[in-house]
Amino acid sequence: MLKQRIITALILLPIALGGFFLLNGGDFALFIGFVVTLGAWEWARLAGLMAQPLRIAYAAVVAGALMLLYLMPDLAPWVLGASVIWWGLATWLVLTYPRSSELWSSAACRLLIGLLVLLPAWQGLVLLKHWPLGNGLILSVMVLVWAADIGAYFSGRAFGKRKLAPQVSPGKSWEGVYGGLTVSLLIALGVGLVREWSIGQLLLGLLGAVVVVMASVVGDLTESMFKRREGIKDSSNLLPGHGGVLDRIDSLTAAIPMFAVLLWAAEWGVM
């Protein structure tokens, strides 16, 4: 399994880095759209659709929605606004699972939720790419999330006692969350000091890092909740040794739109 994971990572890493940081404009939107469409094919399974024609049809619907959003950029604020509302609701659904599953057990509801998860993630990345220092912004949110994941893993193994959401993901602990958050905040603090942010900017930056990291935790737990509802371990086996696309981007689906909204509120870019 370890060998398989390494081989897959070595193949995918240059493709991912090239797609994220070398492509621009329509090419970038198309690349991210392809990834999101694969995620939609996997989400259809989480929604209870097992027949391949139905899963492909849902992926096609998502691809069509992405094209519509690309052609109608004025919809971006609405898409990201809906994302903020959704992830706030998702936090409550995760904390109250399995009781909350009664509210979203139907396939139609889960398919709709898939749109709220996938479309804003694409929209957020496309906006970040178009804003000043776009590649740096994309790298920043990814580093925050990756650092939080690594910090949570090691602190959770060393100190984890209090379960975060035992009915959803028994292996995650509050101590892991605190450890991951600490690592991310240290990175944000270091960036702020190097860039000579004012005290006000530094405080806002740290607060924003907290929001983004906590959103990434909810994104991770939300996919776990849907997988647990379906009784599956991975969203698919598209990535040998790594599971599916959603298993790799679940944290980012929440962190990216939240990051974009925070920058928008700070008047970084123009929608």
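Residues numbered from 1 in each chain as written. Predicted model: local features only at pLDDT ≥ 70, side-chain atom pairs only at ≥ 80, totals over all residues. Heavy atoms only, no water.

## Concerning the overall build of the protein chain
Within the protein chain, the secondary structure is distributed over 10 helices and two strands. Listing each helix as α and each strand as β along the protein chain from the N terminus yields α-α-α-α-α-α-α-β-β-α-α-α. The C-alpha atoms of the protein chain give 18 Å as radius of gyration, which agrees with the globular expectation for 271 residues (18 Å, within 12%). Dimensions of the protein chain, computed from the C-alpha atoms along their principal axes, are close to 55 × 50 × 40 Å. Going through the 271 residues of the protein chain one by one, you find that 47% of them count as buried. The contacts of the protein chain with a sequence gap of at least 6 include a subset with a gap of at least 24, amounting to 72%. Accessible surface computed for the protein chain: about 13800 Å², of which carbon and sulfur atoms make up 72%. A distance of 10 Å separates the average location of the 18 positive side-chain charges in the protein chain from that of its 14 negative side-chain charges. (Helix = DSSP H or I, 4+ residues; strand = E, 2+ residues; numbered from the N terminus. Rg over C-alpha atoms; globule rule 2.2 N^0.38 Å. Buried < 20%, exposed > 50% of the residue type's maximum accessible area, 1.4 Å probe, protein only. Contact = heavy atoms within 4.5 Å. Areas by Shrake-Rupley, 256 points an atom, 1.4 Å probe, with all protein chains shown as cover. Lys, Arg positive; Asp, Glu negative; His and termini not counted. Charge placed at Lys NZ, Arg CZ, Asp CG, Glu CD.)

## Some points on empty space enclosed by the protein
Vacant regions in the atomic arrangement are exposed by a probe of water-molecule size rolled over the atoms. Tallied over the entire structure, the rule returns one cavity of 30 Å³ or more. If you trace the largest cavity, you find it lined by W43, W87, V117, G219, T222, E223, L246, D250 and T253. Elements with a contribution of two residues or more to the lining of the largest cavity: helix 9 (199-230) and helix 10 (245-265). Residue classes in the lining of the largest cavity are distributed as four nonpolar, three polar and two charged. (1 Å grid on protein atoms, 1.4 Å probe; cavity = no way out; pocket = protein on both sides within 12 Å on 5 of 7 lines; lining within 4 Å. Points joined across faces, edges and corners; volume = space filled by probe spheres on them. Nonpolar A, V, L, I, M, F, W, Y, C, P; charged D, E, K, R; others polar.)

## Observations concerning the UniProt feature "transmembrane region" (unreviewed entry) in the protein chain
The positions UniProt marks with the feature "transmembrane region" (unreviewed entry) are residues 28-44, 56-72, 78-95, 107-125, 137-155, 176-193 and 199-219. Along residues 28-44 one finds 100% helix and 0% strand; the C-alpha atoms at either end are 24 Å apart. Along residues 199-219 one finds 100% helix and 0% strand; the C-alpha atoms at either end are 30 Å apart. (UniProt positions renumbered as here; feature names shortened; annotations may be inferred.)

## A word on the pattern of salt bridges
The tally for this structure, following the rule as stated, stands at six salt bridges. Between K227 and E223 there is a salt bridge, and its shortest N-O distance comes to 4.0 Å. Taken as a pair, K227 and E223 lie in helix 9 at a separation of four residues, close to a single helical turn. For the pair shown, K227 and E223 are each scored as buried. Several salt bridges share partner residues, and in doing so they unite E223, K227 and D247 into one network. (Salt bridge = Lys/Arg side-chain N within 4 Å of Asp/Glu carboxyl O.)

## A word on the environment of L49
Position of L49 among the secondary structure elements: in the loop between helix 2 (25-46) and helix 3 (52-71). Remark: the alpha-carbon pair of L49 and A107, spanning 58 residues in sequence, is separated by 7.6 Å. Beyond its immediate chain neighbours, meaning those up to four positions away, L49 contacts A44, L54, R55 and L111.

## Considering the packing of aromatic side chains
By the definition in use, this model includes eight aromatic pairs. Judged by centre distance (6.1 Å) and plane angle (80 degrees), the rings of F20 and F31 are edge-to-face. Within this pair, whereas F20 is found in helix 1 (residues 2-21), its partner F31 is found in helix 2, the two being separated by 11 residues in sequence. Using a relative accessible area of 18% as the deciding quantity, one classes F31 as buried. Relative to F154, the ring of Y153 lies with its centre 5.1 Å away and its plane at 85 degrees, an arrangement referred to as edge-to-face. Overall, the relative accessible area of 55% leaves F154 in the exposed class. Here a set of aromatic residues connected by ring pairs shows up, and it is made of W43, Y97, W104 and F226. (Phe/Tyr/Trp six-rings, centres within 6.5 Å; stacked < 30°, edge-to-face > 60°.)

## A closer look at unusual backbone geometry
With an omega of 10 degrees, the peptide bond between Y97 and P98 qualifies as cis. Mapping P98 onto the fold places it in the loop between helix 4 (76-95) and helix 5 (101-104). Phi is positive for L133, which is not a glycine, with a value near 55 degrees. Residue position: L133 is located in the loop between helix 6 (107-130) and helix 7 (134-159). Unusually for a residue other than glycine, E196 sits at a positive phi of about 55 degrees. Tracing the sequence through the fold places E196 in the loop between helix 8 (174-194) and helix 9. On the accessibility criterion, E196 (69% relative accessible area) is exposed.

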